[in-house]
Amino acid sequence: MNATTQRRALILFAHGARLASWAAPFERLTEITQARLPDCEVTLAFLELMEPRLPAVVDGLVERGVLDVTVVPVFLGQGGHLLRDLPLLAEGLRAAHPQLTLNVAGAVGEDPDVLAAMSDYCLKAIGAPG
């Protein structure tokens, strides 16, 4: 994929943690998603404690000519970070890049299909039929 010709991107937005290994499942999710979306740049960004942060990722995308960005919070629910911090970040990014279309999805953990997949996993963990 040539990022300079790519005009659309997907950012998986995670909280971040002090322990570097915490990011491993999010990195794998990014790789899996990128493989399924070869015509879209898929990247990972963090709210805090880890790099890269969301503003830096969006700035880099815009510098490369990406003008359509969707942010998917890979959070289980709509806590304070998604209710307060992410809207403020998104507002600042839209102000800094008026040519950018920035869409913010709901928390991944609130999607019915994601919840069903998690329930299937829980059932499998105790050997119950799915």
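Residues numbered from 1 in each chain as written. Predicted model: local features only at pLDDT ≥ 70, side-chain atom pairs only at ≥ 80, totals over all residues. Heavy atoms only, no water.

- In the nomenclature of an unreviewed UniProt entry, the chain is known as Sirohydrochlorin chelatase of Massilia haematophila.

**Quick notes on the environment of Leu44**
Here comes step 1: Along the chain, the position of Leu44 falls in strand β2 (residues 41-46).
Here comes step 2: Along the chain, Leu44 and Val71 lie 27 residues apart, while their C-alpha atoms are 9.5 Å from each other.
Here comes step 3: Ignoring sequence-local partners within four residues, the contact set of Leu44 consists of Leu12, Ala14, Phe26, Glu27, Thr30, Pro52 and Val57. (Helix = DSSP H or I, 4+ residues; strand = E, 2+ residues; numbered from the N terminus. Contact = heavy atoms within 4.5 Å.)

**Quick word on the packing of helix α2 (residues 54-63) against helix α3 (residues 80-96)**
Here comes step 1: Running from N to C, α2 and α3 point in directions that differ by 30°, and their axes come no closer than 11 Å. In terms of orientation, α2 lies roughly parallel with respect to α3. When the axes of α2 and α3 are compared, the crossing they make is right-handed. Contacts between α2 and α3 involve Leu54, Pro55, Val58 and Asp59 on the former and, on the latter, Leu86, Leu89 and Leu93. (Axes fitted to C-alpha atoms, helices over the stretch in contact; angles between N-to-C directions. Parallel < 35°, antiparallel > 145°, perpendicular 65-115°, else oblique. Left-handed = near helix turned anticlockwise from the far one by under 90°.)

**Some thoughts on the sheet that holds strand β1 (residues 8-14)**
Here comes step 1: Strands sit in the order β2-β1-β3-β4 across an open sheet of 4 strands; the sheet is parallel. In this open sheet, the two strands that pair with only one neighbour each are β2 and β4 (101-104). Each adjacent strand pair in this sheet contributes to an overall mean axis angle of 25°, direction not counted.
Here comes step 2: In this fold α3 packs onto β1, β3 (68-73) and β4, with an angle of close to 170° to the strand it touches most, β4. (Pairing = 2+ DSSP bridges.)

**Some words on the side chain of Thr33**
Here comes step 1: The residue Thr33 is located in helix α1 (residues 24-36) in this model.
Here comes step 2: Not counting chain neighbours up to four residues away, the residues in contact with Thr33 comprise Leu10, Leu12 and Val42.

**Concerning the pattern of salt bridges**
Here comes step 1: One pass over the full model with this rule turns up 2 salt bridges.
Here comes step 2: Where Arg64 meets Glu41, a salt bridge forms, and the shortest distance between an N and an O atom there is 2.6 Å. Of the two residues, Arg64 sits in the loop between α2 and β3 while Glu41 sits in strand β2, which places them 23 residues apart along the sequence.
Here comes step 3: Given the relative accessible area of 31%, Arg64 is considered partly exposed.
Here comes step 4: Between Arg53 and Glu51 there is a salt bridge, and its shortest N-O distance comes to 3.7 Å.
Here comes step 5: Take Glu51: its relative accessible area is 59%, and that puts it in the exposed class. (Salt bridge = Lys/Arg side-chain N within 4 Å of Asp/Glu carboxyl O. Buried < 20%, exposed > 50% of the residue type's maximum accessible area, 1.4 Å probe, protein only.)

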